[in-house]
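# Working through the structure, step by step
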Amino acid sequence: MARDLHKYRLRRPRELSGPVLRGIASWPLLPTLVLTVGSGVAVILGAYWLIARFVPIGDQPMTAAQRLTAAFATATAAGALVALVVNVRKQDLSEQAARRDFESAFTERFRAAASQLGAVSPAERLAGVYAMASLADEYPRRRQQCVDVLCGYLRVPFDPAVDELAALTTDTTHSFADGKTVTSHATMAARPHDLQVRSTIISVIHARTRPEVETSWSHLNFDFTGARLHNLKFQGSIFSGEDTSFLGATFSGERTWFDGATFSGKRTSFSGATFSGEDTSFLGATFSGEETWFGGATFSGQRTWFGGATFSGEGTSFSEATFSGKRTSFSGATFSGEDTSFSGATFSGEDTSFGKATFSGERTWFDGATFSGQRTWFDKATFSGQLTSFDKATFSGQLTSFDRATFSGQRTSFDRATFSGQRTSFDGATFSGQRTSFDRATFSGERTLFDDATFFGVQVTFDAARKIGDAIVSGLEQPQLGKGATIKAYGRPFHGWPDPAVQTPAFPDGDTMD
């Protein structure tokens, strides 16, 4: 082991005591001049020979004096070349010194700003925020480094409950009538009034990610993993860096704004994030990067808005997300990426709306999703991708409505879905894809309506579908079939359950599957 360490020491490069020179400035001066003068002499001799051989004056060849004059003229040019080399070297040295001073100034200012951010005084920390932002603006090559520090500050644990308390340790003594004395020890906030500092960092980032800003940070990566963000305002911001992460972040306060924001980087993640503020708004936001993740996110505030948002990346995932606030809206949202997943998502608030939403990507999954709120709307929604799946989804709220929705993709599946709410409606819906299936679906709610639904050129199956108790399923007795459309169960024409007492499919000849 000692021998190996000895070898390592022998192989270590010699440390340079001064700054490293680059370019022409790194060439030794004397050899450089000798090389230049030698080149000049070679030029003179070469010029003398070439002039004598190829440059006659009139009909007479050049005399020796004329050739010598021309050669010395060439030497003068060579001297000018030497002077040029020396001046270029000086300029190079000067520029390298300026760059070193520039970098040295950055290092000193960066150290001072970082120190201010770690101070106890709120005023010092605020000064540190602006100092770090100024460095990022002035040093484009170090901009990511400065932004990483500001994002890192937001990732430091933060407790709003003690934000207003002074950074002191307090001992409180209580004396009782029996003579007993009790001393309580309490340590207050390590960094008081931190909310103001954090809000300032958010404001600084927001100002520099707006579309009209002169010095933009939009192309950078932003890592807010695990950050606690209060009353966040990023409306209209553009995040085009490769990675934007809000993984496991907590959004609190009255409102979280992402209205009109654009996420066009390769990866955008809100996975596992918690939105507990009153209002969470992504109205009109655009997600065009390759991957957008909201998997496992929790939306527990009063209102969550994704209305008019656009998801056009390859993959969009809200898998296992929970929406428990009073109102959740994806009205008018557009999902055009290859894969959109709400698999395992839970919607338990009073109102959930996907009205007029468009799902045009190749695959859309709501597999295992639970809709238990009072009202769920998919009215006028459009599903035109190759696959739309609500397999094993549960609709248990008072009202679930797919009225005038359009299912035009190749395959639409409600296999093993459970419709247990008071009213489920497909009134005026259009099924025009190649195949739609309700195989093994369970209809146990008071009413399930297919009234005025249109089946056009589609094969619809209800294999092993069941109606429980006094549930009513209407609109299948005389369905509107067009251009070769069929509704079957087990390969035979299916007309629903005209007799409320019968729970399995009925057929034209009166047979059932009981």
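Let me begin by describing the structure that accompanies this report. (Residues numbered from 1 in each chain as written. Predicted model: local features only at pLDDT ≥ 70, side-chain atom pairs only at ≥ 80, totals over all residues. Heavy atoms only, no water.)

Time to look at the overall build of the protein. Along the backbone of the protein there are six helices and 47 strands. For the protein, the exposed surface amounts to about 25200 Å²; the carbon and sulfur share of it is 54%. (Helix = DSSP H or I, 4+ residues; strand = E, 2+ residues; numbered from the N terminus. Areas by Shrake-Rupley, 256 points an atom, 1.4 Å probe, with all protein chains shown as cover.)

Let us now look at the packing of aromatic side chains. For the structure on display, the rule yields 98 aromatic pairs. When the centroid spacing of 6.0 Å and the interplanar angle of 80° are considered together, the rings of Phe299 and Phe306 count as edge-to-face. An identical accessibility class is assigned to Phe299 and Phe306; each is buried. Centre to centre, the rings of Phe299 and Phe323 are 4.7 Å apart; their planes meet at 0°, and the pair counts as stacked. (Phe/Tyr/Trp six-rings, centres within 6.5 Å; stacked < 30°, edge-to-face > 60°. Buried < 20%, exposed > 50% of the residue type's maximum accessible area, 1.4 Å probe, protein only.)

Before going further, it helps to spend a moment on the sheet that holds strand S29 (residues 382-383). Within a sheet, neighbouring strands are paired by backbone hydrogen bonds and run either parallel or antiparallel to one another. The strand order S5-S9-S13-S17-S21-S25-S29-S33-S37-S41-S45 describes an open sheet built from eleven strands, whose pairing is parallel. The outermost strands of the open sheet, each flanked by one partner alone, are strand S5 (238-239) and strand S45 (480-482). (Pairing = 2+ DSSP bridges.)

Turning our eyes to something else, we now look at helix H5 (residues 143-155). With 13 residues, H5 should cover 18 Å at 1.5 Å per step; its first-to-last C-alpha distance of 19 Å lies within 8% of that length. For H5, the full list of buried residues reads Arg143, Cys146, Val147, Leu150, Cys151, Gly152, Tyr153 and Leu154. (Expected span 1.5 Å × (residues − 1).)

A positive phi angle is found at Glu320, which is not glycine, with a value near 60°. Secondary-structure assignment places Glu320 in the loop between strand S18 (315-317) and strand S19 (322-323). In this model, Lys380 sits at a positive phi of 60°, which is unusual for a non-glycine residue. In this fold, Lys380 is placed in the loop between strand S28 (375-377) and S29.

On to the environment of Thr209, then. Tracing the backbone shows Thr209 in the loop between helix H6 (194-207) and strand S3 (222-223). C-alpha of Thr209 to C-alpha of Ala261: the two residues are 52 residues apart in sequence and 9.6 Å apart in space. Dropping the residues within four chain positions of it, Thr209 is found in contact with Trp217, Ser218, Phe222, Gly236, Ser237, Ile238 and Phe239. (Contact = heavy atoms within 4.5 Å.)

At a closest axis distance of 8 Å, the pairing of helix H4 (residues 122-138) and H5 adopts a crossing angle of 155°. The orientation of H4 with respect to H5, classified from their angle, is roughly antiparallel. Along this stretch, H4 crosses H5, giving a crossing that reads as left-handed. Across from Arg125, Val129, Met132, Leu135, Ala136 and Asp137 in H4, the residues of H5 making contact are Arg143, Cys146, Val149, Leu150 and Tyr153. Partitioned by chemical class, the residues of the contact of H4 with H5 number eight nonpolar, no polar and three charged. (Axes fitted to C-alpha atoms, helices over the stretch in contact; angles between N-to-C directions. Parallel < 35°, antiparallel > 145°, perpendicular 65-115°, else oblique. Left-handed = near helix turned anticlockwise from the far one by under 90°. Nonpolar A, V, L, I, M, F, W, Y, C, P; charged D, E, K, R; others polar.)

Let us now look at the nonpolar core. One finds Phe246, Phe270 and Phe462 to be the most contacted residues of the largest nonpolar core, which totals 95 residues. Mapped by element, the contributors of at least two residues to this core are helix H3 (64-117), H4, H5, H6 and strand S46 (486-489). With six residues, the top contributor of residues to this core is H5. (Core = buried A, V, L, I, M, F, W, Y, C linked by side-chain atoms within 4.5 Å.)

Okay, the sheet that holds strand S15 (residues 298-299) next. Across the sheet, which stays open at both edges, the eleven strands sit in the order S4-S7-S11-S15-S19-S23-S27-S31-S35-S39-S43 with parallel pairing between neighbours. The open sheet terminates on both sides in strands that have one partner only, identified here as strand S4 (228-230) and strand S43 (466-467).

Here we take up the pattern of salt bridges. Enumeration according to the criterion identifies 17 salt bridges in this entry. Here Arg111 makes a salt bridge to Glu108, at a shortest N to O gap of 3.1 Å. Residue Arg111 and its partner Glu108 are located together in helix H3, separated by three residues, close to a single helical turn. By relative accessible area, Glu108 is classed as partly exposed at 46%. We note a salt bridge from Asp439 to Arg435, for which the minimum N-O separation is 3.4 Å. (Salt bridge = Lys/Arg side-chain N within 4 Å of Asp/Glu carboxyl O.)

Let's shift gears to the side chain of Ser281. Mapped onto the secondary structure, Ser281 falls in strand S12 (residues 279-281). Here the side chain of Ser281 touches Leu283 through a polar contact of 3.5 Å, landing on its backbone nitrogen. When sequence neighbours within four positions are dropped, the list of residues in contact with Ser281 reads Arg255, Thr256, Trp257, Phe258, Asp259 and Trp305. (Polar contact = N/O pair within 3.5 Å; in protein donor to acceptor, adjacent residues only side chain to side chain.)

Close contact between H5 and H6 brings their axes to 10 Å; oriented N to C, the two are set at 145°. In the crossing of H5 with H6, the sense of the turn from one axis to the other is left-handed. Residues Leu150, Cys151, Tyr153 and Leu154 of H5 pack against Asp194, Val197, Arg198, Ile201, Ile202 and Ile205 of H6. Here the residues of the contact of H5 with H6 are counted per class, giving eight nonpolar, no polar and two charged.

Structurally, Thr376 is set in strand S28. If we skip the residues at most four places from it in the chain, Thr376 touches Thr352, Phe371, Leu399, Thr400 and Ser401.

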